[in-house]
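Architecture at a glance
As a plain string of letters, each chain reads:
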Amino acid sequence: MGNKQTIFTDEQLDAYQDCTFFTRKEILRLHSRYHELAPHLVPMDYTNEPDCKLPLALIVDMPELKENPFRNRIVESFSEDGMGNLSFNEFVDMFSVLSEMAPRELKAIYAFKIYDYNVDNYLCKEDLEKTLNKLTKEELTPEEVELVCEKAIEEADLDGDNKLSYADFENMITRAPDFLSTFHIRI
Amino acid sequence: MTIEQQRQGLAFSGSGHPTDQESLRFRRVSSRMSTQIYHEPNSSTSLAQEEEQSGSEPTLELRNTVFPMALKKAARQVQQMQVPAQFNGGSWKQKRIKFVRQFKSNVREFLYFFSLWGKTLQKIGGNFGGGVQSYFIFLRFLVILNFVSFLLIAGFVLIPSIVFRSVGIKPESSKADVSSECLKYDPNPQGLVVFYEFFLDLLSGTGFMEYSYLFYGYYNNSVIVTSLVGSHFSYNIPLAYLLTAVFYFAFCLICIIVRMGKAARVAVTTGGSDVRSYSMIVFTGWDYGCLGSKATKLKQRNIYYRLQVDLEEERLKKHAASLTLCNKVTLHSLRVLMFFVAVGLIVATFLAIARATTFSQENSHVPGILGLFYTYLPSIVITLGNFLVPLLCDQIALLEKYPPSATVVVALLRAVVLRLVSLGILLFTLWKQIMCHDSRDKCNLCHYNHEDYQCWETSVGQEMYKLTLFDLLVSIALLVLVEFPRRMVVDHWSCKLTQWVGRQEFVVPSNVLGLVYGQTVVWTGALFCPLLPLINTVKFVILFYCKKITLFYNCRPALRTFRSTSSAIFFLAVLLFGWILALVVMIYSVAVIHPSFACGPFRSFFRMWKIVPESFSTLPEGARDFLFFIGSQAFSIPLFAISCVFMCYFIALASIYGKSVAMLRAQLKLAGQDKQFLVKQIEKMKPLSPQHNEGEQD
């Protein structure tokens, strides 16, 4: 590239290109978006790998995430401390998995994490109920919610333990033709 | 790729720089993972993946792993350190893979820049969902198809004709032994032309427009065999005309089949699943790309509505199961009655169209506005029928009480039959007139009705031209006179009636059927009106922008969404059905009806296809023998046998894949059960300890 930018070293950009599905241009654009969220906190110069994390409240304020009912869970799934504080690495990782070039398996793993509210590696009935309420803005009656959750678990549960393990979830996702296009945020 | 290994990876938390111990552990993990067969079905990375797997070095596709970014970077550093230990070819291979990947992403960015209306389609998809977006994608496909077809026709028929006409080559007179009555053709208006006639002619394709490049009658049957600029140059316009038409049909068929194949592949890999199932809606129903609070609220309402529909179907099923015999009998007899009523309505429409076409053809020489009305009468009746009959069928469907999904399918089938068969009825009526089925004496002289149709191909072309134009005018008129006022009224005047009527919904199926109908008309008319694909391209582009405007300003997103994946196959199947109808018309015109004596490229032939055997005889000896050999039995029977063998092979392959998919699914189930069993065994064998392992639940 012609112009010299001093945000990342070339080595860093190569590393980002190998570890995510973004090109150099997109990574620089992501950095400017990250910087916009908190200009006084985020340094412009990332060559020394500064240790800077943005809190959950700032990240979910982004226009791409603001209206998403699962925004808190999305950010929490990608944060290392589980509290939703994202460093730039995790920020890029999040949008890389949600981009259109990420493969189905990778997206399925993270979708499973997002819907697993109590983080026990199983999607139990309570997780489904919370997901459903977020989806329909609590407009279904409790009996209807109960019925839908029961039917959903019945359909997808393969090993008969009344909750969905990752294998059940993945098996169900492979039969969903729209999954790749719906689990996708454009940035 | 198991959750356990990745969770072990996640056990490294904290800083981005792994300590020595951690990096050692990590190296073990990475080597363990690299020895696994990492199956990546995703097409964008599979090529690089397979190359890496087949190569001598066990590299890991980092971007597909679930480690946090810092770990991925560390793994990459480890990989880079491993590289010099391998032979030189290895690193060259890695560089090549990287280069290929970079090149592919550059090409993709470049092509995206060229893709027509890409940004608009994204916006539509984000705000109105996949179903509406699939309509616009289909429209874009048809625009490109029509434009490429026009380029084909222009290159092989139009431009040579223009060139030869400008050079001054005169058409050869018909050598056939026929009376001079049949050779009479005077399309140019006689005497002084009134001013508004110009406008009427533009709309109905008569007058100054009839004898122009627009219609079949203008093209000459020039067969140029000259020695221009020293080289032996020959161009056979009639042959070019016929072969271009045939190739145009074949090209459209190939495009449709290829597109259908892509859509079918997606449907087959997902196993033809029931998308309406609850787990799918809950886990894959939300579109993460939804922007804006309005679109989000609508999406939520949409999901709520889908769940309601499914719950309603459950209730209906329970209700149907609890019906007494008497109720069932009444319900079924009511359904049969309503079916006959619907069929009756459709047949009545067909009769009306036939009558209107006959009437219009009989009164085509009435001057003025009334004449224009008479010429457009078939189009008007078809449009009215296509508008009223589905409305009535919707009311009938309320009485039939099918489950909601069946109602949609039945309504669609009725609409498809209505649209395409009504076009067929129009063409059938025209054919009857041309071949004088009613008055035998008119056809005795020239084998076709030369009194009413001096150049029957041009008349058919004019009819198709009028249909296309009328379709466009009606769409624009509806937009201006119905949809905008409706929105104005609903927005600014709130009373119970307007609340009940509400804003317009963008109904995808009926709009798609409109597109299919328009395209079928173009296919039917392409042989007689070579510029029709160009007119259709312009029409569809105008339609795109009109529909986009009406979508964004006048419509609210439909509560009842249309599934975008299976519907793509349905649209293409209906389009294929329209193509077959057009093909039947073309074959009939080429093989059965005598071409006009007075006009067109085939004026001296007994049938249109006779040009092919005649041109055959002018081919050099070798080519002729080769083509005869291909047509003979000595070649075709072995070819047929070999194709049968290949077909059996592919069928066997397909069934094997289906069986292996089912087997793998069963294996997956067993693996889950095994895991449960093992976990329970571990629980039993471990003494009670304060640590809770993963197996303990509740």
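Parameters at a glance
- Residues numbered from 1 in each chain as written.
- Chains lettered and ligands numbered in written order.
- Predicted model: local features only at pLDDT ≥ 70, side-chain atom pairs only at ≥ 80, totals over all residues.
- Heavy atoms only, no water.
- Helix = DSSP H or I, 4+ residues; strand = E, 2+ residues; numbered from the N terminus.
- Buried < 20%, exposed > 50% of the residue type's maximum accessible area, 1.4 Å probe, protein only.
- Contact = heavy atoms within 4.5 Å.
- Areas by Shrake-Rupley, 256 points an atom, 1.4 Å probe, with all protein chains shown as cover.
- UniProt positions renumbered as here; feature names shortened; annotations may be inferred.
- Buried area = accessible area lost by both parts, 1.4 Å probe.
- Salt bridge = Lys/Arg side-chain N within 4 Å of Asp/Glu carboxyl O.
- Expected span 1.5 Å × (residues − 1).
- Lys, Arg positive; Asp, Glu negative; His and termini not counted.
- Polar contact = N/O pair within 3.5 Å; in protein donor to acceptor, adjacent residues only side chain to side chain.
- Arc of directions from axis to C-beta.
- Patch = residues over 30% accessible without salt bridge, like charges linked within 9 Å, V, L, I, M, F, W, Y side chains within 5 Å.
- Core = buried A, V, L, I, M, F, W, Y, C linked by side-chain atoms within 4.5 Å.
- Axes fitted to C-alpha atoms, helices over the stretch in contact; angles between N-to-C directions.
- Parallel < 35°, antiparallel > 145°, perpendicular 65-115°, else oblique.
- Left-handed = near helix turned anticlockwise from the far one by under 90°.
- Nonpolar A, V, L, I, M, F, W, Y, C, P; charged D, E, K, R; others polar.

Here's the deal with the overall build of chain B
- Of regular secondary structure, chain B possesses 23 helices and four strands.
- Scored against the burial criterion, the 698 residues of chain B give a buried share of 42%.
- For chain B, restricting intrachain contacts to residue pairs at least 6 apart in sequence, the fraction spanning at least 24 positions comes to 75%.
- Taken as a whole, chain B presents about 38,200 Å² of accessible surface, with 68% of it coming from carbon and sulfur.

Focus on the UniProt feature "transmembrane region" (unreviewed entry) in chain B
- Under the UniProt annotation, "transmembrane region" (unreviewed entry) lies at residues 141-164, 239-260, 336-354, 366-388, 408-431, 521-546, 567-593 and 635-657 of chain B.
- In residues 336-354 of chain B, the share of helix is 100% and the share of strand is 0%. The end C-alpha atoms are 27 Å apart.

With respect to the interface of chain A and chain B
- Across the boundary between the two partners, chain A contributes 78 residues, which contact 72 residues of chain B.
- Here chain A packs against chain B, burying approximately 6,600 Å² in sum over the two surfaces, 60% of which is carbon and sulfur.
- When the buried area of chain A at its contact with chain B is split by residue, Asp18, Cys19 and Leu135 of chain A rank highest and sum to 10% of it.
- Counting every contact that joins chain A to chain B gives four salt bridges.
- When the shortest N-O distance is used, the salt bridge between arginine 76 of chain B and aspartate 18 of chain A registers 2.7 Å.

Description of helix H18 (residues 508-525) of chain B
- Compared with an ideal rise of 1.5 Å per residue, which puts 18 residues at 26 Å, H18 of chain B spans 26 Å between its outermost C-alpha atoms and is within 8% of the ideal.
- Buried residues dominate H18 of chain B, accounting for 17 of its 18 residues.

Regarding the UniProt feature "domain: EF-hand" (unreviewed entry) in chain A
- The positions UniProt marks with the feature "domain: EF-hand" (unreviewed entry) are residues 144-179 of chain A.
- In the segment residues 144-179 of chain A, helix accounts for 64% and strand for 0%; the C-alpha atoms at its two ends are 24 Å apart.

Topic: the side chain of lysine 73 of chain B
- On the secondary structure map, lysine 73 of chain B appears in helix H4 (residues 69-82).
- Put simply, lysine 73 of chain B is tucked away with no salt bridge, and the nearest opposite charge, on glutamate 49 of chain A, sits 4.0 Å away.
- In terms of polar contacts, lysine 73 of chain B uses its side chain to reach the side chain of tyrosine 16 of chain A, at 3.2 Å.
- Ignoring any residue separated from it by four or fewer positions in sequence, one finds lysine 73 of chain B in contact with Tyr16, Cys19, Glu49 and Asn89 of chain A.

Considering helix H8 (residues 125-136) of chain A
- Along its twelve residues, H8 of chain A runs 16 Å from first to last C-alpha, staying within 8% of the 16 Å computed at 1.5 Å per residue.
- Turning to H8 of chain A, its buried residues number three or more, namely Asp127, Leu128, Thr131, Leu132, Leu135 and Thr136 of chain A. For H8 of chain A, the arc enclosing every buried residue in end-on projection is 145 degrees, short of the 170-degree limit, so these residues lie on one face.
- Contacts from the buried residues of H8 of chain A go to helix H7 (104-115) and helix H9 (142-156) of chain A together with helix H10 (278-284) and helix H11 (293-321) of chain B.
- Of the residues one or two after H8 of chain A, lysine 137 of chain A is the one with positive phi, at around 55 degrees.

Observations concerning unusual backbone geometry
All names here are of chain A.
- Non-glycine residue valine 119 carries a positive phi angle of around 50 degrees.
- Secondary-structure assignment places valine 119 in the loop between H7 and H8.
- For valine 119, a relative accessible area of 62% gives the class exposed.
- A positive phi is found at asparagine 121, a non-glycine position, where the angle reads about 60 degrees.

Details of a nonpolar patch on the surface
- Side chains of Val336, Phe339, Phe340, Val343, Val347 and Leu351 of chain B sit close together on the surface and give an oily, nonpolar patch of about 570 Å² of accessible area.
- By secondary structure assignment, the location of valine 336 of chain B is in helix H12 (residues 325-362).

Describing the nonpolar core
- Counting residues in hydrophobic clusters, the biggest one holds 103 residues, and the most contacted among them are Tyr135, Phe136, Phe138, Trp456, Trp523 and Leu575 of chain B.
- If you tally residues by element for this core, the top one is helix H7 (residues 130-167) of chain B, at 15 residues.
- If we ignore the near neighbours within four places in the chain, the residues touching phenylalanine 136 of chain B are Leu121, Ile124, Phe506, Phe544, Lys547, Lys548 and Leu551 of chain B.
- In terms of nonpolar packing, the next biggest core, distinct from the first, is built from 80 residues, Tyr46, Phe91 and Ile114 of chain A together with Tyr304 of chain B among them.

Observations concerning the pattern of salt bridges
- In the structure shown here, the tally under the stated rule is 13 salt bridges over all chains.
- With a closest N to O distance of 3.5 Å, arginine 76 of chain B and glutamate 11 of chain A form a salt bridge. Of this pair, arginine 76 of chain B sits in helix H4 while glutamate 11 of chain A sits in helix H1 (residues 10-19), which puts the two residues in different chains.
- The class for glutamate 11 of chain A is partly exposed, based on a relative accessible area of 49%.
- Between arginine 33 of chain A and glutamate 64 of chain A there is a salt bridge whose closest N-O contact spans 3.1 Å. On the criterion of sequence distance, the pair formed by arginine 33 of chain A in helix H2 (residues 24-37) and glutamate 64 of chain A in helix H4 (residues 63-66) is long-range, its members being 31 residues apart.
- Overall, the relative accessible area of 19% leaves arginine 33 of chain A in the buried class.
- Look at glutamate 64 of chain A and you get buried, because its relative accessible area is 11%.
- Here the residues in one salt-bridge network are Glu11 and Asp18 of chain A together with Arg76 and Arg101 of chain B, joined through shared partners.

Here we look at the environment of methionine 488 of chain B
Residues and elements named next belong to chain B.
- Looking at where methionine 488 falls in the secondary structure, it is placed in helix H16 (residues 456-492).
- Classification of methionine 488 as partly exposed rests on a relative accessible area of 44%.
- Spatially, the C-alpha atoms of methionine 488 and glutamate 621 are 73 Å apart, while their sequence positions differ by 133 residues.

Section: the packing of H8 of chain A against H9 of chain A
All names here are of chain A.
- The interhelical angle for the contact between H8 and H9, taken along N-to-C directions, is 120 degrees, at an axis separation of 10 Å. Here H9 runs oblique to H8, going by the angle between their axes. In terms of crossing hand, the pair formed by H8 and H9 is right-handed. The segment H8 lies against H9, with Lys125, Leu128, Glu129, Leu132 and Asn133 engaging Val145, Glu146, Val148, Cys149, Glu150, Ala152 and Ile153.
- For the contact of H8 with H9, the residue count by class is seven nonpolar, one polar and four charged.

Comments concerning the side chain of serine 360 of chain B
Residue and element names in this part refer to chain B.
- Relative to the helices and strands, serine 360 resides in helix H12.
- Looking at serine 360, the relative accessible area reads 2%, which means it is buried.
- In terms of polar contacts, serine 360 uses its side chain to reach the backbone carbonyl oxygen of tyrosine 374, at 3.0 Å.
- Filtering out sequence-adjacent residues up to four positions away, serine 360 remains in contact with Tyr374, Thr375, Leu377 and Pro378.

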